[in-house]
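These are the residues of each chain, in order.
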Amino acid sequence: MSEKPTKSATEGEAAHAAPEHWVDEHGDCLFHYALTRVRRTEVAEDLVQDTLLAAVRAQTNFSGRSSERSWLVGILKNKISDHFRKLGRETTFTDLDFYSDEHSDKFENEFWNHSTGPRVWKPEGEEALNRTEFWEHLQRCLGKLPERVASVFLMREMDDVSAKEVCATLKITDANLWVMLHRARMALRLCLENNYFTDGPPSA
Amino acid sequence: MNIEPNNWLTANVVGLLARITPRCHDMTRLISRSQDAVLPVGTRIKMRMHLWICAWCVRYGVQVRFVRTALRVCPEPPSSPAGKLSEDAKQRLRQALSIA
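Residues numbered from 1 in each chain as written. Chains lettered and ligands numbered in written order. Predicted model: local features only at pLDDT ≥ 70, side-chain atom pairs only at ≥ 80, totals over all residues.

## Brief notes about the overall build of chain B
Next up, step 1: In terms of regular secondary structure, chain B is built from five helices and zero strands.
Next up, step 2: Its helices and strands taken in sequence order, chain B reads α-α-α-α-α from the N to the C terminus.
Next up, step 3: Taken across its 100 residues, chain B has 20% of its residues classed as buried.
Next up, step 4: Intrachain contacts of chain B at a sequence separation of at least 6 include 61% that bridge at least 24 residues. (Helix = DSSP H or I, 4+ residues; strand = E, 2+ residues; numbered from the N terminus. Buried ≥ 20, exposed ≤ 12 C-beta atoms within 10 Å, placed from the backbone. Contact = placed C-beta atoms within 7 Å.)

Right, dumping it as C-alpha cells:
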C-alpha cells in the first residue's frame, strides 16, 4: 500500500460518499484481511466485492462516527462469517486424510521420540516475527490445512472467537472442535518446524 | 527427559512422575485444550508435573502458543504482492461498483 493516497482530515470526512475511491483506498487492506482468513484468492476477491456492494447499499447507514475503513472491515467480517457458515455445511475429503494419525512416528509408547520430537526453534520467537520469510512460511503452512479446519483454527487463533460461537457458526460439536483445533495446531507447528525453523532436513 | 543416567534418585523421581502424569501424546491434546478452556485443577497440576520432567512438551507448548501470538499480531501491511489485489481484480471491482 505504498501508493496509498493521503488525504487531509477534512477531505477524509467527505470521502465516504465516494464508493469509486474505495477500491483504491481500501481494496488491498480488505483483500489482505479476507485472504489471511479464507486463504483462497478467488474467494477473498469475491468477499471484497460482496463487501463493497453491500457498503454501497448501506451507505446511508454509515454514520461517519467510525472511520470508513473500520466500517468496511466490519461489513467484511460479516461476509466472512457467512462464508464460514456455508462452509460448515460441506464436508470435504481432505479433512479425513488430515485426521489420520500422521504424527505416530513422533511418539514412542506415547512419549515423545527424542530424536523426532519438538526441536529448539531458531530464530527465536520475537526475532522470527520481524522476518518476512517467517510470515511467508506461516501463510504457506496455513494453506496446507483443510479448509474447514483452517476456518475453525483462524476464527479461534486470529480473531479470538469463543469456542461456543465457532461451534454455532459452523454447526459442529464441541468434541469435533477440540479435535480440529488440536490437529491444526499440531500440523502447523510441525510445518513451521520442518520448513522454517531449522535448516536441517525434515525429521523423518 | 533431561536426566543424568547415573543419578539413581533423579531417575526414580522422573520415572515416578512419568508414570503418574499424562503421557506426551495426551499432553499435546491437553496443551491445545488449555488454550481454549480452563481445565480442571487436577489436570493442570498433573500437566505442570509432567512439564517439570519433559523438555519436549515444554517446547511443544511454547511453540504452539507462539503460533497463536504470531497470528494475533498478524501484520496489517500486505508486504508481498501476493497479499494485494491484482490490477484485474481491481478493475472488476470498479466495474461492479459502477453498475451498483
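Once the structure has been displayed, the description carries forward.
## Quick look at the overall build of chain A
Next up, step 1: When you go through chain A residue by residue, the secondary structure sums to 10 helices and two strands.
Next up, step 2: The secondary structure elements of chain A, listed N-terminal to C-terminal, are α-α-α-α-α-β-β-α-α-α-α-α.
Next up, step 3: Scored against the burial criterion, the 204 residues of chain A give a buried share of 30%.
Next up, step 4: Restricting to contacts in chain A with at least 6 residues of sequence separation, those with at least 24 account for 68%.

## Observations regarding the interface of chain A and chain B
Next up, step 1: The interface of chain A with chain B comprises 41 residues on the first partner and 37 residues on the second.
Next up, step 2: Its residues assigned to classes, the side of chain A that touches chain B shows 24 nonpolar, eight polar and nine charged. (Nonpolar A, V, L, I, M, F, W, Y, C, P; charged D, E, K, R; others polar.)

## Some points on helix 2 (residues 22-38) of chain A
Because an α-helix completes one turn every 3.6 residues, residues spaced three or four positions apart along the sequence face the same direction.
Residues and elements named next belong to chain A.
Next up, step 1: Of all the bends in helix 2, the largest measures some 30 degrees and sits at Asp 28.
Next up, step 2: Most of helix 2 sits inside the fold, with 15 of its 17 residues counted as buried.
Next up, step 3: Directly after helix 2, the chain includes Arg 39, whose backbone phi takes a positive value near 70 degrees. (Bend = angle between axes of the 7 residues up to and from the residue.)

## A look at the environment of Asn 7 of chain B
Next up, step 1: Counting through the fold element by element, Asn 7 of chain B comes out in the segment before helix 1 (8-20).
Next up, step 2: Spatially, the C-alpha atoms of Asn 7 of chain B and Met 27 of chain B are 26 Å apart, while their sequence positions differ by 20 residues.

## Some remarks on the packing of helix 7 (residues 132-144) of chain A against helix 10 (residues 174-197) of chain A
Residue and element names in this part refer to chain A.
Next up, step 1: Put simply, helix 7 and helix 10 touch, their axes get as near as 9 Å, and they point 135 degrees apart. Classed by the angle they form, the pair helix 7 and helix 10 counts as oblique. In this structure, helix 7 crosses over helix 10, and the sense of that crossing is right-handed. Taken together, the residues of helix 10 that come into contact with helix 7 (itself represented by Glu 133, Phe 134, His 137, Leu 138, Cys 141 and Lys 144) are Leu 188, Cys 191, Leu 192, Asn 195 and Tyr 196. (Axes fitted to C-alpha atoms, helices over the stretch in contact; angles between N-to-C directions. Parallel < 35°, antiparallel > 145°, perpendicular 65-115°, else oblique. Left-handed = near helix turned anticlockwise from the far one by under 90°.)

## Things to note about the nonpolar core
Residues and elements named next belong to chain A.
Next up, step 1: In this structure, Leu 30, Ala 34, Val 48, Val 152, Phe 153 and Ala 184 are the most contacted members of the largest nonpolar core, which totals 53 residues.
Next up, step 2: Considering each element in turn, this core owes the most residues, nine residues, to helix 2.
Next up, step 3: Beyond its immediate sequence surroundings of up to four residues, Ala 184 is in contact with Leu 145, Val 149 and Phe 153. (Core = buried A, V, L, I, M, F, W, Y, C linked by C-beta atoms within 7 Å.)

## Examining unusual backbone geometry
All names here are of chain A.
Next up, step 1: The omega torsion across Lys 122 and Pro 123 is -5 degrees, close enough to zero to call that bond cis.
Next up, step 2: By the element assignment, Pro 123 lies in the loop between strand 2 (111-112) and helix 6 (125-129).
Next up, step 3: Not every positive phi belongs to a glycine, and Asn 109 is a case in point at roughly 55 degrees.
Next up, step 4: Take Asn 109: it is sitting in the loop between strand 1 (107-108) and strand 2.
Next up, step 5: The class for Asn 109 is exposed, based on 8 C-beta atoms found within 10 Å.

## Here's the deal with the packing of helix 8 (residues 147-157) of chain A against helix 10 of chain A
Residues and elements named next belong to chain A.
Next up, step 1: Interaxial distance between helix 8 and helix 10 falls to 9 Å at its minimum, and their mutual angle equals 85 degrees. Regarding the angle of helix 8 to helix 10, the classification is roughly perpendicular. Residues Val 149, Val 152, Phe 153 and Arg 156 of helix 8 form the contact with helix 10, whose participating residues are Leu 177, Met 180, Leu 181, Arg 183 and Ala 184.
Next up, step 2: Within the contact of helix 8 with helix 10, the residues separate by chemical class into seven nonpolar, no polar and two charged.

## Details of the confidence of the model for chain B
Next up, step 1: Averaged over chain B, the pLDDT score is 85; the fraction of residues at 70 or greater is 85%.
Next up, step 2: The complex prediction reports pTM at 0.75, with the ipTM value standing at 0.79. (pLDDT = per-residue confidence, 0-100.)

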